[in-house]
Each structure stands twice: as C-alpha cells, then as structure tokens.
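Next come the chains, spelled out residue by residue.
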Amino acid sequence: MKPDVNLCNNLKSIRTRLGMSQQELANIAGVTRQTIGGLESGQYAPSVTVSLRLAKALGCTVEELFWLEEDLPEIEAIVAESALNQERSRVSLARVGDQWIAYPLVGNDAFRIEMIPSDGEMVAVNQQPVISVSDRPALAQCLVERKERHLQGKATSQKVLVRLLDDMDKLQNTVVIAGCTPVLSLLARATESWHPKLRVYYRFAHSKAALRSLCRGEVHIAGMHLYDPQTGEHNIPFVREAATGKNFVLITLGVWEEGLLVPPGNPMGVKTVSDLVEFGATIVTQQVGSGSRMLLERKLLEERVPFETVKGFDHIAHNHQDVALSVVSGIADAGISTASIAAAFGLGFIPLHQARYDLVILKEYLEQSPVQQFLNILGHRLVRSQLEVLGGYDISKIGEVIANI
C-alpha cells in the first residue's frame, strides 16, 4: 500500500524495547522482513490484517502502533528558562501548578548521565583484583559558563503549542526537581521503581538557579546547599530573600562534605586553598551562584588570597562530575566538589566545609500526589542504605522539616 504521509508509527521503538530483530518480528507476525523495514521507514502503510498481526505479535493495540499525525493532541505551554530557537524543537513536559511547562531538550539538557543505585555492597574480597588502567583522553575543551537569567516570580517566557508524543496521564503525574547533586537522580530512579505510574523529571541546576526556577513556577522542588556566613545558616536566608509573598517549606536531604578534589595521593601536598597559589596549581570550579563556587570564594577571602592569583579560577565546569573528570584527565590539579564525588572517581579529598542540602518546595505543591510520593521515599530504608553506601553524607535527619517560610 502507498505510504500515508499522515500515518505515524513507533513500530521500531516497541520492537527494539522487546529485544526483537526485524526478522524475528516478521516470523511471528507472518510477514516478510522487508515489510517490517518498509513500515518502520514509513515507505508504506499496512493493511488492516498486517496491523492486527503486528499488534498481536508485540502484545499491544493497533492504536499504540499506528496513529494519524493530525490526531495527536496539542497543548499550550510556557517555555522554561529560555525561548526556543526553532519550531518543532524537542521538549519535556510537566504540569507545574496551573500551567504546562515545556523544557527544551538542547545541549546538556538533552542528555542524562545518572547515578546508578546499588544492588548491593561488596563487603569482602577473596583476592586482589587485577586492574587494567587505560589512558583517559583529555577533554577537548573547557565547558563554557552559561549566562544566568535573573528573573523572579512566575515564569513569563513565551507560550508555545506542543504536540504530545506521550500519554497525557504520564505527563500529568510528573514531579520536576532542579538541583545539582547526582543523588537526586538516584532518588528519582528509586521513586519511579516504587511508584511505577510516577515520573520524576530531574533537571540539573546549581542552587541559585534551582531556586529561581522554583520561584518562576517551572519546577516543584529545588535542591540547595548555600551557606550564609553572616547568619551561619544554610539555605534559609536565600529562600527568605526570594520568597516575595510565596510560602515555602525546607526539607533536609542530608549534610555532605565539600572540599577540594585532588589526584590520588595528593602529589602536590595541597592542604588549603592558599596552597593552590603557592604550588601553582590549576583549579576548576562551577558556575557563579553555585554552592561550590561560593565555598571557593569564601575560603579565598578568609585566607586573603586574591581571586586573580588562582590559576584557572575562571575554568568553569558544568557539574560535579565534570569537575572530577577535569582532575582525572589532568586538565586541573584541583576542583571544588564533594567527598562522595571524590570517592566515586577514586580521587583524593581535602574537606573544607560541611553543607546541608535541602529540598525547597512551594507549600501549595505539598498536597499534590506526585510531590507526596517523592517525599515519602526519603524515609524508606532502602534509600537510606543507598546514601550510606555512597558515603560522604550524614543522613540522620533526612526528611525532616527544617523551616517554614
């Protein structure tokens, strides 16, 4: 049959998800492999008989396999953070408050490298393993610091029309979290495992950017680890300043160790940030507004070290993993991150500060089921076990309400 330009299918997606080759599917459905290939490439439309056979072979309905393009529903959404550069851009969607938010899948936001939960903890080794170490290629170039948008209040970005490519119920049942710790991706995976109908959408953002996204109505939860030396408090002063008539609740995730990542064995013998200048070490840090950057600047001020004397002070990494990779690859001699990241990459660690990581939530979101399901996971013993095995976290008060603002 001639192709129908309005006919869409996800035959290949379902087939590959089930681990079938084109030939295997063809054999089960009683058609030729060329038929499968032609359908997947959109060269022609299937007959009713072929459609029914394929649906039966794949254990789904005909409607899940084939649909008319004009039948796809469309919704109006607000674009998070920045305007789309072109039509038909890929986005993720979620319902936040009373509006749909579209998150452009461009650049680093189009990819996800997640922290994988442990299936167990190795407690004994019978023999010394032989480790093969391969050369790690140097990173091609330094990561470019993103420009920060300093908008406050509800999202005012352009409205767009989005054609849905996923189930509306799934999109409705989504909780969106912005933060910088890889632990959030671990918690997202755990929550989805225990609540199969829930989707947790984790967006990377440093602490101040996460808080701004929350205030603009783009996310349900913001993760923060900012310290105010004037009050000696974590996070609360920054949330109070940004509140602008909104009501927030802060729930703690834990206390983590922040400090300098250095190569294994600390070959330079770095002990303080002033040593970075004395030994001519190159450092890598994160974006302005991040907790890591604020820690570095605060320690330099305490030790009266001018920022411009630190080699590589403007070498900006996108996240904690990129900081570690810069040290591993030799691009930098040191970087600001956490003890758990140091352990994950086999790096040395020099502690500088213990920071409390809090989840900040608008009170109006607390009664929403997706948010409740995520927060309920914090007290699960298996979540606690994951964080204990990870190391570098004091989770004795995980899930406790720190403040109402």
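Only a predicted model underlies this, so the values are computations on that prediction, with no experimental measurement involved.

(A) Region of interest: the overall build of the chain. Assigned secondary structure in the chain consists of 15 helices and 17 strands. Of the contacts made within the chain by residues no fewer than 6 positions apart, 74% connect residues no fewer than 24 positions apart. As presented, the chain carries roughly 20900 Å² of accessible surface, and 50% of it is formed by carbon and sulfur atoms.

(B) Region of the structure containing the confidence of the model for the chain. Here the chain shows a mean pLDDT of 82. Residues at 70 or above account for 84%. Contacts from residues 127-156, a stretch scored under 50 in pLDDT, to residues over four places away or in other chains number 50 contacts.

(C) Examining the sheet that holds strand β6 (residues 159-163) more closely. In space, the four strands of this open sheet follow the order β4-β5-β3-β6, with mixed pairing throughout. Both edges of this open sheet fall to β4 (91-96) and β6, since each of them pairs with a single strand only. This sheet shows a mean twist of 45° between the axes of neighbouring strands, independent of strand direction. Of the strand pairs in this sheet, strand β3 (residues 74-79) and β6 are connected by five bridges, and their pairing is antiparallel. Within β6, the position partnered with Ile75 by the bridge is Val162.

(D) Quick look at the packing of helix α2 (residues 22-29) against helix α4 (residues 48-58). With their axes 9 Å apart at the nearest point, α2 and α4 run at an angle of 115° to one another. As the angle between them shows, α2 and α4 are arranged roughly perpendicular. In the packing of α2 onto α4, the handedness of the crossing is right-handed. Each of Leu25, Ile28 and Ala29 in α2 lies in contact with α4, whose residues at this interface are Arg53, Leu54, Ala57 and Leu58. Taken together, the residues that form the contact of α2 with α4 break down as six nonpolar, no polar and one charged.

(E) Geometry of the environment of Arg53. Structurally, Arg53 can be placed in helix α4. Residues Arg53 and Ala29, spaced 24 residues apart in sequence, show a C-alpha to C-alpha distance of 5.2 Å. Leaving out residues up to four positions away in the same chain, Arg53 has contacts with Ala29 and Gly30. At 3.4 Å, the side chain of Arg53 forms a polar contact with the backbone oxygen of Gly30.

(F) Geometry of the pattern of salt bridges. For the structure on display, the rule yields six salt bridges. Notably, a salt bridge pairs Arg15 with Glu40, separated by 2.6 Å at the nearest N-O pair. Here the residue Arg15 occupies a position in helix α1 (residues 11-17), and Glu40 occupies one in helix α3 (residues 33-40), the gap between them amounting to 25 residues. Assessed through its relative accessible area of 7%, Arg15 is described here as buried. Residue Glu40 is classed as buried on the basis of its relative accessible area, which comes to 18%.

(G) Inspection of the environment of Arg216 at higher detail. Here Arg216 is to be found in the loop between α8 (207-215) and β9 (221-224). Take Arg216: its relative accessible area is 3%, and that puts it in the buried class. It is 9.1 Å that separates the C-alpha atoms of Arg216 and Glu81, two residues lying 135 residues apart in sequence.

(H) Broad picture of the side chain of Ser213. Residue position: Ser213 is located in helix α8. The class for Ser213 is buried, based on a relative accessible area of 5%. When sequence neighbours within four positions are dropped, the list of residues in contact with Ser213 reads Glu218 and Val219.

(I) Structural context of the pairing of strand β15 (residues 348-362). Within β15, twelve of the 15 residues are buried, which leaves the element mostly enclosed by the surrounding structure. Of the pairings in the sheet, the one linking β9 to β15 comprises four bridges and is antiparallel in character. When the bridges of β15 are listed, Ala222 appears paired with Val360. Relative to β15, strand β12 (residues 248-262) runs antiparallel, the two sharing 14 bridges. Across the sheet, residue Val249 finds its bridge partner in β15, namely Ile361.

(J) Focus on unusual backbone geometry. Positioned with a positive phi, Thr244 is a non-glycine residue whose angle comes to about 45°. Within the secondary structure, Thr244 sits in the loop between α9 (236-242) and β12. Unlike most non-glycine residues, Arg304 shows phi in positive territory, near 55°. Along the chain, Arg304 turns up in the loop between α11 (291-302) and α12 (320-329). Residue classification places Arg304 among the exposed positions, given a relative accessible area of 78%.

(K) Looking closely at the side chain of His234. Here His234 is to be found in strand β11 (residues 233-234). Residue classification places His234 among the buried residues on the basis of a relative accessible area of 10%. Residues in contact with His234, not counting those within four places in the same chain, are Leu226, Tyr227, His353, Gln354, Ala355, Arg356 and Asp358.

(L) Examining α4 more closely. Along α4, the residues classified as buried are Val50, Ser51, Leu54, Ala55, Ala57 and Leu58. Seen from one end, α4 has its buried residues packed into an arc of 165°, which puts them on one side. Of the exposed residues in α4, the ones pointing more than 90 degrees away from its buried face are Val48, Leu52 and Lys56. Packed against the buried residues of α4 are α1, α2, α3, α5 (62-65) and β2 (66-68). Directly after α4, the chain includes Gly59, whose backbone phi takes a positive value near 70°.

Thresholds, definitions, all that
Residues numbered from 1 in each chain as written. Predicted model: local features only at pLDDT ≥ 70, side-chain atom pairs only at ≥ 80, totals over all residues. Heavy atoms only, no water. Helix = DSSP H or I, 4+ residues; strand = E, 2+ residues; numbered from the N terminus. Contact = heavy atoms within 4.5 Å. Areas by Shrake-Rupley, 256 points an atom, 1.4 Å probe, with all protein chains shown as cover. pLDDT = per-residue confidence, 0-100. Pairing = 2+ DSSP bridges. Axes fitted to C-alpha atoms, helices over the stretch in contact; angles between N-to-C directions. Parallel < 35°, antiparallel > 145°, perpendicular 65-115°, else oblique. Left-handed = near helix turned anticlockwise from the far one by under 90°. Nonpolar A, V, L, I, M, F, W, Y, C, P; charged D, E, K, R; others polar. Polar contact = N/O pair within 3.5 Å; in protein donor to acceptor, adjacent residues only side chain to side chain. Salt bridge = Lys/Arg side-chain N within 4 Å of Asp/Glu carboxyl O. Buried < 20%, exposed > 50% of the residue type's maximum accessible area, 1.4 Å probe, protein only. Arc of directions from axis to C-beta.

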